[in-house]
Amino acid sequence: MIEEKILKRVLKPGRYTGGEFGQIIKDKAKVKARFAFCFPDTYEIGMSNLGIRILYGALNAHEDIWCERAYAPWIDMEEEMRKGDIPLWAVESGDPLKEFDIVGFTLQYELCYTNVLNVLELAKIPLLASERTDSDPIIIGGGPCSYNPEPVADFFDLFSIGEGEEALCEITRLYIQMKEEGSYTRAAFLREAARMDGFYVPSLYEVRYNEDGTIASHEPKYEDVPRRVVKRIMKDMDESYFPENFVMPYIETVHDRIMLEVYRGCIRGCRFCQAGMVYRPIREKTPDRLNEQAKCLFRNTGYDEISLSSLSISDYTQIGCLTDKLLEWTDDSMVSLSLPSMRLDSFTHELMEKISGVRSSTLTFAPEAGTQRLRDAINKNVTEADLLQALDVAFDYGKNTVKLYFMLGLPTETDEDIEGIAQLAKRVIDYYYERPGKRKGKAPSVTISVACFIPKPDTAFQWEAQCTLEELDRKQQLLKEKITDRRIRYNYHDANVSRLEAVFARGDRKLSGALLEARRRGVRFDSWDEFFNYDIWMEIFDTVGIDPAFYANRTFGEDEVLPWDVIDCGVDKAFFKRERAQAYASIPTPNCKEKCSGCGANRLGGERSWCRDCPSSLAK
Amino acid sequence: MVQGLPVVTRKIRIKFIKQGALKFISHLDLCRTMKTALIRAGIPIYYTEGFNPHPKMVFALPLSIGASSDCEYMDLKLVAEMSDAEVKERLAAALPVELAPIAVYEPQVKFAEIGWARYRMTFFGDYGVGSAAKLTEMLTSPMIVMKHTKNGERETDIQGGIGRFEIVELEGAAVLDIMLKADSANYTNPELIVQAMKEKPEDYRIERMGVYLADGITLFV
């Protein structure tokens, strides 16, 4: 463990001490491979991630593999580490990360890239994959950002594409096998890994560029390396590994409760949403299995809150059955249920009754756009009538604080659509007073939280340009002017942050130069307001000769080779093109429950899926 | 379904330790950790009434972050019969060893009767041979420190909070065995002693050794 005198000098020392109830300790002399799973942000954020909890358990289920955790140190601890020449360690054993066989990073958001580089540097592991030797750990990336891994391709030895429960175990087994056979070299291992399903080894591909900076070709260097890497999925979610206990943090984390993953995928096809595409096809767990998992986690963790987590929980086909089963025991055990990610059009009295234990008086919905025309264009299939119906339920329960999420700068957006946001917010207030009958609770208040549209890979809007900063600023101010009611609070995101996110979301390998320069200048924690510095980033791009507008504000050609074409997320490009055309015609696409739109993801298979052509589907 | 209020069968006191990595968690974190541990252990604890029921736990004394202790106390109410031995056994299995329960029993003395706590403070660095005289002088003179109070930070003399003490000089360290006031009106945090030191030790340890009644002699149990 790190010296006590240092722990006394830093904020929240509980971030660094480990020793949590439920952590897994193994005899390092007896294990064959040591895996360090790093979340490149603070402990509190990292410990709230369900994916890591699942993979931590899945890897440790193998007796001869020991998976530990690591996080980005906060700046005070970083300073101590640099001053005292202390290399970054893993929480369980306290051993330096560089002594591990494999170090995995989960890439949850683009703005964590500078933290990845900082963590590698603090761990004294060479930043560039090309500079690592056979004695350095293998650096593997995964998570949502790995659907376009190119901006960080130079820093990773390989990426695990898609769901990692089986894939990470397989790759670690390959490592063990090659070590035991004596055939291990970094190069031989990576070549072998590239032949396995779901692994992308960027160094085995050659990228050539056109004179205008776009990609001419992205080709494998060898014949046995796949042209495209197809993502992995867990076919049967009931059978898929799910932890029976959690590592219990001592300090308060962001999500300090049981997270029960109900299903994967999404039947909605919001055209801006990457998660809704890359987690397809939808695969449900059965209510019995979920109930079992919830009971088991309750017994083993002692948490008194269960959050039913999924992209849109009310779309779960058996939500009524599941909540009934859970309520049979949760009430008596003083356990409360929470259902985040509720859609407007599914918010009913019946569901509200079941979650009435919810303490918060705030309800949050995401209409995303202010007019029906634009909501149709982005395929957010909710109407104003849906909103009013949801408000009826909310107001009946005295929940008079409503939060609405919107986006500015969406493709096809006009000033009329922006005015529509202000009008919709006003409609909520007016509706409260229009309703007949007795009013419950305090006077209503509405908060509208407005993000900037960011074009993301693997969406119908992946080719779209982000509005320029000037245009985003004009739109933000226009909306401000249109809000006249004092009961409406208006928050909007910093457009500078959204622009940087857009650069890295659609970036290519040339951006690795910018990230190295950022590290040289000490940039990290970009996703933290207090550290984000747009001017430094513009200097960095200038220094390395990169034009951020090329990535953020350019409309990509539909026939252009995209940096992420090498990754196959399961949904076809042809589908995205069709969806884009529908958007320009403001025509919505039915959800997967209503009609299959032929996105292509059903070729990956999956049990208890909605996919029509899938042999075991529910819709058969 | 109409349920009667759960009936409290009896009160229990749990004496536990706080050591190792667990020294570094705050009081709020300790409450959360104890709460989940009690639920994991399946101990029939009493929940507060109201909209937001939570297990009723009362702790004897605060303990500053970084200090270890062999004598922490927590009182609970049970709503069903469970023997002291079983509570102890179940809770031990649900807690990390560094927060282990060492005794479970029915309380005879109230927390309000606590008057003093005894600490062992070890100072490292230039606090070896010859430091006793200096420390003694400091501890017997007015000791003005900045103290957090309800009205913000203010200068306070903590001299009145200091009881009998003894100093042992070692090679490269000094060990101070000291009684500090611990009643709720005059709780004296041992960290304040470090704060009052003009020459700060390179490193230091604080261990709470015992809790006493107002006479400063009778051990609290």
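Residues numbered from 1 in each chain as written. Chains lettered and ligands numbered in written order. Predicted model: local features only at pLDDT ≥ 70, side-chain atom pairs only at ≥ 80, totals over all residues.

The next point concerns the overall build of chain A. Helices and strands together make up the secondary structure of chain A, namely 20 helices and 19 strands. The C-alpha radius of gyration of chain A comes to 24 Å, within 12% of the 25 Å expected for a compact globule of 620 residues. Principal-axis analysis of the C-alpha atoms places the extent of chain A at approximately 75 × 65 × 55 Å. Considering chain A as a whole, with its 620 residues, one finds that 48% of them fall into the buried category. Across chain A, every contact between residues at least 6 apart in sequence was considered, and the portion connecting residues at least 24 apart equals 76%. (Helix = DSSP H or I, 4+ residues; strand = E, 2+ residues; numbered from the N terminus. Rg over C-alpha atoms; globule rule 2.2 N^0.38 Å. Buried ≥ 20, exposed ≤ 12 C-beta atoms within 10 Å, placed from the backbone. Contact = placed C-beta atoms within 7 Å.)

Moving on, we get to the sheet that holds strand β10 (residues 258-261) of chain A. Residue and element names in this part refer to chain A. As summarised here, the arrangement of the three strands in space is β10-β13-β14, forming an open sheet in which the pairing is parallel. Of all strands in the sheet, those bounded by a partner on one side alone are β10 and β14 (336-338). Within the sheet, the average angular offset between the axes of one strand and its neighbour, ignoring direction, is 25 degrees. Where β10 and strand β13 (residues 305-309) come together, four bridges link them in parallel fashion. Note on β13: the bridge partner recorded for I258 is I306. Strand contacts of helix α9 (residues 287-301): β10 and β13, with the helix running at about 160 degrees to β10, the strand carrying the most contacts. (Pairing = 2+ DSSP bridges. Axes fitted to C-alpha atoms, helices over the stretch in contact; angles between N-to-C directions.)

Moving on, we come to the packing of helix α5 (residues 113-122) of chain A against helix α17 (residues 511-520) of chain A. Any two packed helices are characterised by how steeply their axes cross, that is the angle between the axes, and by the distance between the axes. Residues and elements named next belong to chain A. Direction vectors running N to C along α5 and α17 enclose 60 degrees, while the axes themselves pass 10 Å from each other. Between α5 and α17, the interaxial angle falls into the category oblique. For α5 against α17, the interelement crossing comes out right-handed. Contacts from Y113, T114, L117, N118 and E121 of α5 reach α17 at L515, A518 and R519. The residue inventory of the contact of α5 with α17, partitioned by class, reads four nonpolar, two polar and two charged. (Parallel < 35°, antiparallel > 145°, perpendicular 65-115°, else oblique. Left-handed = near helix turned anticlockwise from the far one by under 90°. Nonpolar A, V, L, I, M, F, W, Y, C, P; charged D, E, K, R; others polar.)

Let's shift gears to the packing of helix α1 (residues 27-41) of chain B against helix α2 (residues 84-94) of chain B. All names here are of chain B. Viewed as axis vectors pointing N to C, α1 and α2 meet at an angle of 120 degrees, and their least axial separation amounts to 8 Å. Comparing their axes, α2 and α1 come out oblique. Of the two possible hands of crossing, α1 and α2 adopt the one that is right-handed. Residue-level contacts link A37, R40 and A41 of α1 to R90, L91, A93 and A94 of α2.

Time to look at the confidence of the model for chain A. With 97% of its residues at a pLDDT of at least 70, chain A reaches an overall mean of 93. The model gives residues 614-620 of chain A a pLDDT under 50, and that stretch makes 15 contacts with residues more than four places away or in other chains. (pLDDT = per-residue confidence, 0-100.)

Turning next to the interface of chain B and chain A. At the interface, 18 residues of chain B touch 22 residues of chain A. Looking at the side of chain B that touches chain A element by element, the count peaks at seven residues for α1(B). Of the residues in the side of chain B that touches chain A, the class split is eight nonpolar, five polar and five charged.

Let us look at the sheet that holds strand β17 (residues 445-452) of chain A. Adjacent strands of a sheet pair through backbone hydrogen bonds, lying either parallel or antiparallel. All names here are of chain A. The strand order across the open sheet built from four strands is β15-β16-β17-β18, with neighbouring strands paired in parallel fashion. Each of the sheet's edge strands pairs with one partner strand only, and the pair in question is β15 (362-368) and β18 (488-492). The average angle at which neighbouring strand axes cross in this sheet is 20 degrees, direction not considered. For β17 and β18, the ladder comprises five bridges, and the chain directions are parallel.

Consecutive residues of a regular strand have side chains that alternate between opposite faces of the sheet. Residue and element names in this part refer to chain B. Sheet topology note: the strand β3 (residues 68-78)/strand β10 (residues 203-213) ladder contains two bridges and is parallel. Looking at β10, one finds that S69 is bridged to R208. In this sheet, β10 lies alongside strand β5 (residues 114-124) in antiparallel orientation, the contact comprising 10 bridges. By the bridge assignment, F123 is partnered in β10 with Y204.

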